[in-house]
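# Examination of the molecular architecture
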Amino acid sequence: MSEQPNSDVGRTGHHEIPNYSQEPQDRGAFTSSFDRAYTRFARVYDLAVKLVPLWKAWLRPALPHLQGPRILEVSFGTAHLMTEYASRFEVHGLDLNHEMIAVARENLRRAGLRATLCRGTAEALPYRTGTFDSVLNTMAFSGYPDARKSLEELLRVLRPGGRLVLIDINYPSDGNWFGTRLAELWKRGGDLIRDMGSLFRRCSVGYVDEEIGGWGSVHLYVVTKDPVPAGRGASA
Ligand SMILES: C[S@@+](CC[C@H](N)C(=O)[O-])C[C@H]1O[C@@H](n2cnc3c(N)ncnc32)[C@H](O)[C@@H]1O
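What you see is a predicted model; the values in this text were computed from it and never measured.

Moving on: the packing of helix H1 (residues 27–51) against helix H4 (residues 98–110). Relative to each other, H1 and H4 sit at 30 degrees, their axes nearing to 7 Å. It follows from the interaxial angle that H1 and H4 lie roughly parallel. Classified by chirality, the crossing of H4 by H1 is right-handed. Counting all contacts with H1, which are made through Tyr38, Thr39, Ala42, Arg43 and Asp46, the residues of H4 involved are Glu99, Met100 and Val103. Residue composition of the contact of H1 with H4, grouped by class: four nonpolar, one polar and three charged.

Dropping the structure here:
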């Protein structure tokens, strides 16, 4: 998927050129290694999210963009964002890791909230086409081994006119040093930093990209699925 040479970050004046990741060759191994890590660290992750206010501050800007009544959160982790909106919508969630799901269930139960959760992968969502009014995805897309397939799935389950609200790490558009280093740090941890704009354009969807933190490295994308299903549009 990478459209840039996978060399060291290049410099042009004060700006740095994005150095996007390559898609992994062995997708199964890539996902299994994340799955093992989340099994080990689910409770630490949950505690960290509860103790570090910055994490929630990065995720909350997604909330005003949710439109109901039916929401799907893919890769909800330990459900800390879900607990902030589940009282207002019919909520469904899918995550890869059984331990993260177990902790999420505890968090929801403690908060007295309901959601229908299941285990699965973003690349093959077990929902019918056009089911959800909004699909939410935070800090997870860069951990998916097949960007095109995952994005197509997130869009497929949206109803026409629905919204995909996605927050993830990427390079800052102005190439500033701090934001670029942060994105690089994420990459060193195993995440895949993609050219999301080009990915959205290839899937023919309109999107807004807002840099909401981390010196421009935390991006909020609001993607709108065409209200007219492809092939049924009015001809010019
Ligand atoms: C960094 S956590 C983010 C959790 C939460 N959304 C947040 O913002 O804190 C990434 C989550 O993605 C899940 N995940 C990783 N690979 C996945 C895949 N291929 N399909 C679905 N979920 C996946 C992990 O189990 C984990 O819960």
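The rest of the description comes next.
Topologically, Val218 is positioned in strand E9 (residues 218–224). Val218 sits in the buried class, given 25 other C-beta atoms within 10 Å. For the pair Val218 and Tyr171, spaced 47 residues apart in the sequence, the C-alpha separation amounts to 8.2 Å. Apart from the residues lying within four places of it in its own chain, the contact partners of Val218 are Trp58, Ile167, Ile169, Glu211, Ile212 and Gly213.

Moving on, we get to the sheet that holds strand E6 (residues 132–138). If you trace the seven strands from one edge of the open sheet to the other, you get E5-E4-E3-E6-E7-E9-E8, paired in mixed fashion. The sheet is open, and its two edges are formed by strand E5 (116–119) and strand E8 (206–213), each paired on a single side. Sheet twist, expressed as the mean angle between neighbouring strand axes with direction ignored, is 15 degrees. The sheet contact formed by E6 and strand E7 (residues 158–169) spans six bridges and is parallel. Each bridged residue has a counterpart across the sheet, and for Leu136 the counterpart in E7 is Val165. This element, helix H5 (residues 147–156), spans strand E3 (70–74), E6 and E7 of the sheet and lies at about 135 degrees to E7.

With that settled, the discussion passes to the site of the ligand. Close to the ligand lie 19 residues; Ser75, Gly77, Leu96, Asn97 and Thr138 are nearest. Considering each element in turn, the shell around the ligand owes the most residues, four residues, to H1. The residue inventory of the shell around the ligand, partitioned by class, reads 11 nonpolar, seven polar and one charged.

Turning next to the environment of Gly162. Relative to the elements of secondary structure, Gly162 occurs in strand E7. Residue classification places Gly162 among the buried positions, given that 22 C-beta atoms sit within 10 Å. Once you skip the residues sitting within four places of it in the chain, Gly162 turns out to touch Phe132, Asp133, Ser134 and Lys225.

This next bit is on the nonpolar core. By size, the foremost hydrophobic cluster in this structure holds 55 residues, and its most contacted members are Met82, Ala104 and Val135. Looking at this core element by element, the count peaks at six residues for E7. Dropping the residues within four chain positions of it, Ala104 is found in contact with Phe76, Gly77, Thr78, Ala79 and Leu117.

About the cut-offs
Residues numbered from 1 in each chain as written. Predicted model: local features only at pLDDT ≥ 70, side-chain atom pairs only at ≥ 80, totals over all residues. Axes fitted to C-alpha atoms, helices over the stretch in contact; angles between N-to-C directions. Helix = DSSP H or I, 4+ residues; strand = E, 2+ residues; numbered from the N terminus. Parallel < 35°, antiparallel > 145°, perpendicular 65-115°, else oblique. Left-handed = near helix turned anticlockwise from the far one by under 90°. Contact = placed C-beta atoms within 7 Å. Nonpolar A, V, L, I, M, F, W, Y, C, P; charged D, E, K, R; others polar. Buried ≥ 20, exposed ≤ 12 C-beta atoms within 10 Å, placed from the backbone. Pairing = 2+ DSSP bridges. Near = placed C-beta within 6 Å. Core = buried A, V, L, I, M, F, W, Y, C linked by C-beta atoms within 7 Å.

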